[in-house]
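Geometric and topological summary
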Amino acid sequence: MIYFLTGKQNPQKTKGLIGKKILITAGPTREDIDPVRFIGNRSSGKMGYALAASCAARGAEVILISGPVNLLMDDPSVHLIKVITAEEMYQQCMEYFPGCHAAIMSAAVSDFTPKVKGMNKIKRGNKKISLELVPTKDIAASLGEMKTARQVLVGFALESDNEIVNARKKLIEKNLDFIVVNSLRVEGAGFESDTNKITIIDRDNNIEEFELKHKKEVAEDIVDKLETYMNG
Ligand code: C5P
């Protein structure tokens, strides 16, 4: 195992992604319980949008498939597709991935969805109710199965414990080329924050640990790694 500690800023921006088409998923998904309630999560979408901006700035055409977020994207090189549910995100990824050179799966996709969605608002009462949840499709794993040798697939892992071991397992199970690990234990990293602290693990078992940085700078580090995979 080779171990790097990367403390410095990323190198200067390049135009190394000209002619490349990159799919990026971002934000949370929402799974309806009834017409007014849903299961969601705290993802802001900032990491995915920063990745889209970075890829576009380097010359790529970006397909950004985004769950509901409060962010704007006005870069003409970014084709924004808005979705709500995990199933909708899955369908859009299936449609666009075959025409892309790479995909970065930064969305916090809901792992479960209610088995039955109430047609009407569930009424308040004194009785206990329970919600039956069924698993959603794993989009990253599905793209991993259909990936060709020339496509690059990048995933994220948000772990609360055994970060490296669990992330490496995901890297193999989902057939990713590299995985970006966020630790829930690091202050200033994760969902609602403007900053993030990541470690990148690749298939050759290289582990690169980065400092806590603004998400825009984190995006540059991730896209630097992507460029080495795509152009190397
Ligand atoms: O298995 P886990 O949810 O921790 O994996 C996280 C990675 O898988 C992220 O890259 C996330 O975008 C992706 N994922 C997905 N579809 C799901 C669940 C996770 O694409 N249903």
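Residues numbered from 1 in each chain as written. Predicted model: local features only at pLDDT ≥ 70, side-chain atom pairs only at ≥ 80, totals over all residues. Heavy atoms only, no water.

Some details on the overall build of the chain
Assigned secondary structure in the chain consists of five helices and 15 strands. Whereas a compact globule of 232 residues would reach a radius of gyration of roughly 17 Å, the chain reaches 18 Å, a difference of no more than 12%. Once the C-alpha set of the chain is aligned to its principal axes, its extents read approximately 60 × 35 × 30 Å. Burial status across the chain gives 47% buried among its 232 residues. Within the chain, contacts between residues at least 6 apart in sequence are counted, and of these 64% link residues at least 24 apart. Accessible surface for the chain amounts to roughly 12,400 Å². Of this, 52% is attributable to carbon and sulfur atoms. For the chain, the distance from the average site of its 32 positive side-chain charges to the average site of its 31 negative ones is 5 Å. (Helix = DSSP H or I, 4+ residues; strand = E, 2+ residues; numbered from the N terminus. Rg over C-alpha atoms; globule rule 2.2 N^0.38 Å. Buried < 20%, exposed > 50% of the residue type's maximum accessible area, 1.4 Å probe, protein only. Contact = heavy atoms within 4.5 Å. Areas by Shrake-Rupley, 256 points an atom, 1.4 Å probe, with all protein chains shown as cover. Lys, Arg positive; Asp, Glu negative; His and termini not counted. Charge placed at Lys NZ, Arg CZ, Asp CG, Glu CD.)

Concerning the site of the ligand
Around the ligand lies a shell of 13 residues, among which Met105, Ala107, Lys137, Phe156 and Lys170 are the nearest. Between the ligand and Ala107, the relevant distance is 2.7 Å, taken from an oxygen atom to a main-chain nitrogen or oxygen of the residue. Between the ligand and Lys170, the relevant distance is 2.5 Å, taken from an oxygen atom to a side-chain nitrogen or oxygen of the residue. Contributions of two or more residues to the shell around the ligand are made by α3 (139-146) and β10 (152-159). Split by residue class, the shell around the ligand holds six nonpolar, two polar and five charged. (Near = heavy atom within 4 Å. Polar contact = N/O pair within 3.5 Å; in protein donor to acceptor, adjacent residues only side chain to side chain. Nonpolar A, V, L, I, M, F, W, Y, C, P; charged D, E, K, R; others polar.)

Observations regarding the nonpolar core
Ranked by internal contacts, the top residues of the largest apolar core, which has 32 residues, are Ile22, Cys55, Ile222 and Leu226. Not counting residues up to four positions away in its chain, the partners in contact with Leu226 are Ile22, Cys55, Ala102, Ile104, Val152, Val154 and Phe178. (Core = buried A, V, L, I, M, F, W, Y, C linked by side-chain atoms within 4.5 Å.)

Some thoughts on the side chain of Glu31
With respect to the secondary-structure elements, Glu31 resides in strand β3 (residues 31-32). The charged side chain of Glu31 is buried without a salt bridge, its nearest counter-charge being Lys117 at 5.0 Å. At 3.3 Å, the side chain of Glu31 and the side chain of Thr29 are in polar contact. Leaving out residues up to four positions away in the same chain, Glu31 has contacts with Arg37, Phe38, Ile39, Thr85, Ala86, Ser110, Phe112, Thr113 and Pro114. (Salt bridge = Lys/Arg side-chain N within 4 Å of Asp/Glu carboxyl O.)

Thoughts on the pairing of strand β11 (residues 178-183)
Of all six residues in β11, six are buried; the element is thus mostly enclosed. Across six bridges, the pairing between β10 and β11 is parallel. Along β11, the bridge assignment pairs Ala157 with Val181. As for the winding sense of the linkage, the β-α-β connection from β10 through helix α4 (residues 163-173) to β11 is right-handed. With five bridges connecting them, β11 and strand β13 (residues 198-202) associate as antiparallel partners. When the sheet's bridge partners are listed, Asn182 is paired in β13 with Ile198. (Pairing = 2+ DSSP bridges. Right-handed = clockwise from strand over helix to strand, strands pointing away.)

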